[in-house]
Amino acid sequence: GDDVDRVVGLELGADDYVAKPCTPRELVARLRAILRRTHPDHKPEQKAFERELVVGRLRVDGARRLATLDGEALELTSTELNLLEALARAPGRVVTKEELSESALGRPLTRYDRSIDVHMSHLRAKLGELPDGRSPIQTIRGFGYQLLPEL
């Protein structure tokens, strides 16, 4: 893992060098970067974003970059829409902060990163409350977030 080993590996023809210990997230991010460089027209998640998602009164159209609640368009930032879309793909299931960071922000979650929490707070305010006073987005402490299917 020292500099000499990395330089020798790269000079011998390696595309990249990963020193141990390596986190699985870093390895996946490096593999995705290599795939982007070698297959620039390949879009693995394109089909997931092309279909309209419906969860109760909520509709998320990833292709048109539009979300509506009770037929009214929601004024969302791109990141908020990405977060809502990631949650709407799995209504009732807890989505980890790591998954949300990768899909909505396009980067791995880092230690002490609160950006998902801040965006989620803004998204909650824009969605309002359910008739019983709960937020349609629930926090699962220490794990992630969940979009309630009864929205």
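The coordinates are above.
Just so it is clear, the structure is predicted and the values come from calculations on it, not from any experiment.

*Asks:* Sorry if this is basic, but what is going on with the pairing of strand β7 (residues 144–147) here?
*Replies:* Residues in a regular strand project their side chains so that they alternate between the two faces of the sheet. In this sheet, β7 lies alongside strand β5 (residues 94–96) in antiparallel orientation, the contact comprising three bridges. Bridge pairing links Val95 to Tyr145 in β7. Pairing between strand β6 (residues 137–140) and β7: four bridges, direction antiparallel. Looking at β7, one finds that Thr139 is bridged to Tyr145. Joining the antiparallel neighbours β6 and β7 is a turn of three residues, in which Gly142 adopts a positive phi near 75°.

*Asks:* Please explain helix α6 (residues 115–127) as it appears in this structure.
*Replies:* Residues lying three or four places apart along an α-helix face the same way, a consequence of the helix completing one turn every 3.6 residues. Between its first and last C-alpha atoms α6 spans 18 Å; for 13 residues at 1.5 Å apiece the expected length is 18 Å, and the two agree. Those residues of α6 that are buried lie in contact with β2 (58–61), β3 (66–69), α4 (78–88), α5 (97–105), β6 and β7. Note on α6: the residue one or two positions beyond its end, Gly128, has a positive phi of about 80°.

*Asks:* Looking at this structure, how should I read the sheet that holds β7?
*Replies:* Backbone-to-backbone hydrogen bonds join strands into a sheet, with any given pair of strands oriented parallel or antiparallel. Taken in spatial order, the three strands line up as β5-β7-β6 in an open sheet, and their pairing is antiparallel. At either margin of the open sheet sits one strand with a lone partner, and together these are β5 and β6. Each adjacent strand pair in this sheet contributes to an overall mean axis angle of 30°, direction not counted. Along the sheet, α4 makes contact with β5, β6 and β7, crossing β7 at roughly 70°. Contacts from α5 reach β5 and β7 within the one sheet, and its direction differs from that of β5 by about 70°.

*Asks:* Please clarify how the pattern of salt bridges should be interpreted in this entry.
*Replies:* Once the charged atoms of two side chains with opposite charge are near each other, the side chains can pair. With the rule as written, the count across this model stands at 15 salt bridges. With a closest N to O distance of 2.6 Å, Asp70 and Arg57 form a salt bridge. You can see Asp70 sitting in the loop between β3 and β4 (72–73) and its partner Arg57 sitting in the loop between β1 (52–55) and β2, a full 13 residues away along the chain. Given a relative accessible area of 32%, Arg57 falls into the partly exposed group. The closest approach of N and O atoms between Arg65 and Glu85, which form a salt bridge, is 3.8 Å. In this pair, Arg65 sits in the loop between β2 and β3 while Glu85 sits in helix α4, placing the two residues 20 residues apart along the sequence. Residue class for Arg65 comes out partly exposed when judged on its relative accessible area of 37%. Linked by salt bridges that have partners in common, Lys97, Arg114 and Asp117 make up one network.

Thresholds, definitions, all that
- Residues numbered from 1 in each chain as written.
- Predicted model: local features only at pLDDT ≥ 70, side-chain atom pairs only at ≥ 80, totals over all residues.
- Heavy atoms only, no water.
- Pairing = 2+ DSSP bridges.
- Helix = DSSP H or I, 4+ residues; strand = E, 2+ residues; numbered from the N terminus.
- Expected span 1.5 Å × (residues − 1).
- Contact = heavy atoms within 4.5 Å.
- Axes fitted to C-alpha atoms, helices over the stretch in contact; angles between N-to-C directions.
- Salt bridge = Lys/Arg side-chain N within 4 Å of Asp/Glu carboxyl O.
- Buried < 20%, exposed > 50% of the residue type's maximum accessible area, 1.4 Å probe, protein only.

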